[in-house]
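Residue-level listing of the chains:
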Amino acid sequence: MFLENLIPPIPSEIILTFSGYLVTLGYFEIQAVIVVSTLGSFLGSICLYALGYLLSPIKQVKLFKLLHIQDKHIIKCQEWFENHGKKAVFLTRFVPVVRSLVSLPAGMMAMPLLPFCLYTMVGTLLWNTILVSAGVLLGENFDRVQLIIEEYKTLVIIGIVLYIVYRWFKKRKMQH
């Protein structure tokens, strides 16, 4: 789970539901899986937060330029994060890929560490508990859990892609 936060394509949805399934087979205790997975996720998030926090303003600007992010968008993002950062840190713990990446801007925007840790821990604990419990509850039907997760993951990715395409068309329309 530590690596899942540092390398977003690693799917915690599959890892944790499978771990829940292994609980039903007697390999693990449910409480231990939830505690260890939450701790691993939390530590990975702290590493990304620290990376964002330690990036000097000059390196941040270089990173934004490399990603072709305009200054006006950076300012909007900073304002949005100042107003909604706590909610974002908590709620994105339930969204694939984004759950890892939100730690970087939290660090870059110097979100206070205590609220970051609190919202990260609570969101991660809830998400990990849901996934491990799903694996335990479905036990022998684990293959069905994988199908549901794959559908969910695909819908989230499709939604993100559609949003990006929408924003691109909207921006292009405004330029003409």
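Residues numbered from 1 in each chain as written. Predicted model: local features only at pLDDT ≥ 70, side-chain atom pairs only at ≥ 80, totals over all residues. Heavy atoms only, no water.

A. Up close: the pattern of salt bridges. On inspection of all chains with the given rule, the structure shows two salt bridges. The shortest N-O distance in the salt bridge between Glu4 and Arg99 comes to 2.9 Å. Pair noted here: Glu4 is in helix α1 (residues 2-6) and Arg99 is in helix α6 (residues 98-101), with a separation of 95 residues, a long-range link. For Glu4, a relative accessible area of 2% translates into the label buried. A residue is classified by how much of its surface remains accessible, and Arg99, at 4% relative accessible area, is buried. Three or more residues are tied together by salt bridges with common partners; here these are Glu4, Glu13 and Arg99. (Salt bridge = Lys/Arg side-chain N within 4 Å of Asp/Glu carboxyl O. Helix = DSSP H or I, 4+ residues; strand = E, 2+ residues; numbered from the N terminus. Buried < 20%, exposed > 50% of the residue type's maximum accessible area, 1.4 Å probe, protein only.)

B. Local environment of a nonpolar patch on the surface. On the surface, a nonpolar cluster with roughly 490 Å² of combined accessible area is contributed by Phe2, Leu3, Leu6, Ile7, Leu39 and Leu43. Broken down by secondary-structure element, the contributors of at least two residues to the nonpolar patch are α1 and α3 (30-54). Residue contributions to the nonpolar patch peak at three residues, all from α1. As for its position among the elements, Leu39 is in helix α3. (Patch = residues over 30% accessible without salt bridge, like charges linked within 9 Å, V, L, I, M, F, W, Y side chains within 5 Å. Areas by Shrake-Rupley, 256 points an atom, 1.4 Å probe, with all protein chains shown as cover.)

C. Inspection of the packing of helix α2 (residues 12-24) against helix α8 (residues 113-138) at higher detail. The geometry of α2 relative to α8 is characterised by a closest axis approach of 6 Å and an angle of 50° between their N-to-C directions. The orientation of α2 with respect to α8, classified from their angle, is oblique. You can see that α2 and α8 cross each other, and the crossing is right-handed. Along the contact surface, α2 presents Ser12, Glu13, Leu16, Thr17, Gly20, Tyr21, Val23 and Thr24, while α8 presents Trp127, Asn128, Leu131, Val132, Ala134, Gly135 and Val136. When its residues are assigned to classes, the contact of α2 with α8 shows eight nonpolar, six polar and one charged. (Axes fitted to C-alpha atoms, helices over the stretch in contact; angles between N-to-C directions. Parallel < 35°, antiparallel > 145°, perpendicular 65-115°, else oblique. Left-handed = near helix turned anticlockwise from the far one by under 90°. Contact = heavy atoms within 4.5 Å. Nonpolar A, V, L, I, M, F, W, Y, C, P; charged D, E, K, R; others polar.)

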